[in-house]
Amino acid sequence: GMEGMFRQIGIYAHGGQVYEPVDSDSLLYYKEAKDGQILEEGITEAGGMSSFIAAGTAYANHGVNTIPFFIYYSMFGFQRIGDLIWCAGDMRCRGFLMGGTAGRTTLNGEGLQHEDGNSHLLAYPVPNVVAYDPAYAYELAVIIQDGIRRMYVKGEDVFYYLTLMNENYAQPAMPEGAGEGIVKGAYLLKSGAAGDGSGPRLTLLGSGTILNEVVRAQALLEEKYGVAADVWSVTSYKELYRDAIECERWNLLHPGETPRTPWVADRLAGENGVFVAASDYMKVLPASIAQWLPGPLHCLGTDGFGRSDGRAELRDFFEVDARYIAVAALQRLAVLGAVPANTATGAVAELGIDPDKLNPHTD
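None of the values given here were measured: they were computed from a predicted structure. Here the residue index of a chain counts from 1 through its sequence in written order. At least 70 in pLDDT is required for a residue's local features to be given in this predicted model, at least 80 for side-chain atom pairs to be given and counted, and no such filter applies to totals for whole chains, interfaces and linings, which use all residues. Excluded from the side-chain calculation are hydrogens and water; included are all heavy atoms of the structure.

### Notes on the overall build of the chain
Counting from the N terminus, the helices are the DSSP runs of H or I reaching at least four residues and the strands are the DSSP runs of E reaching at least two. Helix and strand content of the chain: 14 helices and eleven strands. Computed over its C-alpha atoms, the radius of gyration of the chain comes to 22 Å, within 12% of the 21 Å expected for a compact globule of 363 residues. Each of the three principal axes of the chain carries a C-alpha extent, and together these read 70 × 55 × 40 Å. Working rule for contacts: check all heavy atoms of both residues, and any pair within 4.5 Å makes them a contact. Sequence separation of at least 24 residues holds for 73% of the intrachain contacts in the chain that already meet a minimum separation of 6. For accessible areas, the Shrake-Rupley method is used with a probe of radius 1.4 Å. Any residue's cover is judged against the shown protein chains and nothing else. On the chain, roughly 17000 Å² of surface is accessible, and the fraction owed to carbon and sulfur atoms is 53%. Under this rule, positive means Lys or Arg and negative means Asp or Glu; His and the chain ends count for nothing. Lysine's charge is taken at NZ, arginine's at CZ, aspartate's at CG and glutamate's at CD. Across the chain, the mean location of the 27 positive side-chain charges is 5 Å away from that of the 45 negative side-chain charges. We take the radius of gyration over the C-alpha atoms and set the globule estimate at 2.2 Å times the residue count to the 0.38 power.

### Here we look at the packing of helix α8 (residues 211-225) against helix α13 (residues 322-335)
In helix packing, the relevant descriptors are the interaxial angle and the interaxial distance, both defined with respect to the helix axes. All axes are obtained by fitting lines to C-alpha atoms, using only the stretch in contact for helices, and the reported angles, taken between N-to-C directions, cover 0 to 180 degrees. Where α8 meets α13, the closest approach of the two axes is 8 Å, and the angle between their N-to-C directions is 55°. Our classification of the angle between α8 and α13 gives oblique. The interaxial crossing formed by α8 with α13 has right-handed handedness. Across the interface between the two elements, E213, V214, R216, A217, L220, L221 and Y225 from α8 touch A322, R323, I325, A326, A329 and L330 from α13. Any angle that is under 35 degrees is reported as roughly parallel, and any over 145 degrees as roughly antiparallel; angles of 65 to 115 degrees are reported as roughly perpendicular and all others as oblique. By convention, the crossing between two helices is left-handed when the near helix turns anticlockwise from the far helix through less than a right angle, and right-handed when the turn is clockwise.

### Regarding the pattern of salt bridges
Every case where a carboxyl oxygen of Asp or Glu lies within 4 Å of a side-chain nitrogen of Lys or Arg is listed as a salt bridge. The full count for this structure, using the stated rule, is 16 salt bridges. Its salt-bridge partner being R315, residue E213 comes within 3.7 Å of it at the nearest N-O pair. You can see E213 sitting in helix α8 and its partner R315 sitting in helix α12 (residues 311-318), a full 102 residues away along the chain. Each of the two residues, E213 as well as R315, counts as buried. The buried label goes to any residue with under 20% of its type's maximum accessible area, the exposed label to any with over 50%, and the partly exposed label to all in between, with areas taken from a 1.4 Å probe on protein chains only.

### With respect to the packing of helix α2 (residues 45-56) against helix α4 (residues 82-90)
At a closest axis distance of 10 Å, the pairing of α2 and α4 adopts a crossing angle of 5°. Relative to α4, the element α2 lies roughly parallel. Between α2, through A46, M49, S50 and I53, and α4, the contact on the second element is made entirely by L84, I85, C87 and A88. Following the grouping adopted for this structure description, the nonpolar residues are Ala, Val, Leu, Ile, Met, Phe, Trp, Tyr, Cys and Pro, the charged ones are Asp, Glu, Lys and Arg, and the polar ones are all others, Gly among them. Across the contact of α2 with α4, the residue classes tally to seven nonpolar, one polar and no charged.

### Points about the side chain of E32
Mapped onto the fold, E32 is located in strand β2 (residues 32-33). No salt bridge forms around the buried E32; measuring N to O, its nearest opposite-charge neighbour K31 is 12 Å away. In protein, a polar contact means a hydrogen-donor-capable atom and an acceptor-capable atom, both N or O and within 3.5 Å, with residues adjacent in sequence counting only if both atoms are side-chain atoms; elsewhere, any N or O pair within 3.5 Å suffices. At 3.3 Å, the side chain of E32 forms a polar contact with the side chain of Y19. Excluding residues within four positions of it along the chain, E32 makes contact with I11, A13, G16, Q17 and Y19.

### Considering the sheet that holds strand β8 (residues 201-206)
For two strands to count as paired, DSSP must find a minimum of two bridges between them. Read from one edge to the other, the open sheet built from five strands follows the order β7-β9-β8-β10-β11, with strand pairing classed as mixed. Because the sheet does not close on itself, it has two edges, and the strands there are β7 (186-190) and β11 (297-300). Direction aside, the axes of adjacent strands within the sheet are offset by 25° on average. Taken together, the six bridges between β8 and strand β9 (residues 228-234) define a ladder with parallel strand orientation.

### Considering the sheet that holds strand β6 (residues 159-163)
If you walk across this open sheet you meet the four strands as β3-β4-β6-β5, and the pairing is parallel. Two strands close off the open sheet at either side, each with one partner strand: β3 (69-73) and β5 (129-132). Geometrically, the sheet is characterised by an average inter-axis angle of 20° between neighbouring strands, direction not taken into account. α2 contacts β3, β4 (96-100) and β6 of the sheet and is inclined by roughly 165° relative to β3.

### Description of the nonpolar core
In terms of nonpolar packing, the biggest core is built from 54 residues, with Y160, L202, L204 and L221 touching the most fellow members. Considering every element that reaches this core, the biggest residue donor is α13, with nine residues. Counting 22 residues, the second largest nonpolar core, distinct from the first, contains W232, Y237, L268 and Y281. Within this scheme, the nonpolar core is defined by two criteria: the residues are buried Ala, Val, Leu, Ile, Met, Phe, Trp, Tyr or Cys, and they are joined through side-chain atoms within 4.5 Å.

Shown next, in the form of structure tokens:
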């Protein structure tokens, strides 16, 4: 999807364009230029990361602010070149790491080595990495704008990790007032149908490409089972976690003062006490904020090796599509007595789920 940038800003080559590209008669031809702004490193994550570090530390080494964007397969970042990412943090690098074709189900059929279900977890240990898993273009725009403000206006020594998918889906308009929540880590995307307020209700948390499955699960729950669900887009579990532990530390050291409330606890305080989270990453990612939610959290994620298959098949295998999200919601409501137990049991059969299928975590 970067072809549109070739002609606009060019690929850097110290000698300029010295040959005629085979696609020279096309609109978006392969353009090299002495002043090109794209560094095309080829298949070398270490080389690409080294260029990123050089550009991201130019503000200190050369007195020149540059804003590097390094895009690569997300699986080949923290896992493959994690030492260099630590090096970037140690050198107070600034810029944006863009983990392309992210998640464990978005890149279908490319093999297990491409299915990333852990990079957002591996971003937790690097203290100055700010990590986001946006689903929509407006989320990405808000995050990048805030990142530029923090790094190049305020001069903060942080750098960003943003995951990007290769799946085509509709891009909705940004909800009014969502900007703060996008940056903080979560915002209300879509309220559930109010009805008369007497029916069962719960909260669904979604991230990245799986957010669309959560939205579909909301419709399924409301139309087929009469359950209202609010959908929250979680753009960053790490930011929610970071804010929460900072609040807890302040409360620990200031026992005589009014306790501070984590942002996620404050914003979700008005939600009903059943929460289901689904993402394209391991279940422990949403579980990292469970203790600050006002009710029990059931996590759906992509633990396990996976398969080389299509998106729908992978999401069925990992149990993260709309059907599993709906069943998880109904099962949690049944435990609390909010819906009859046979509602969840019936949903398993009605939605075509095989209760005896392979366990994606171990099989």
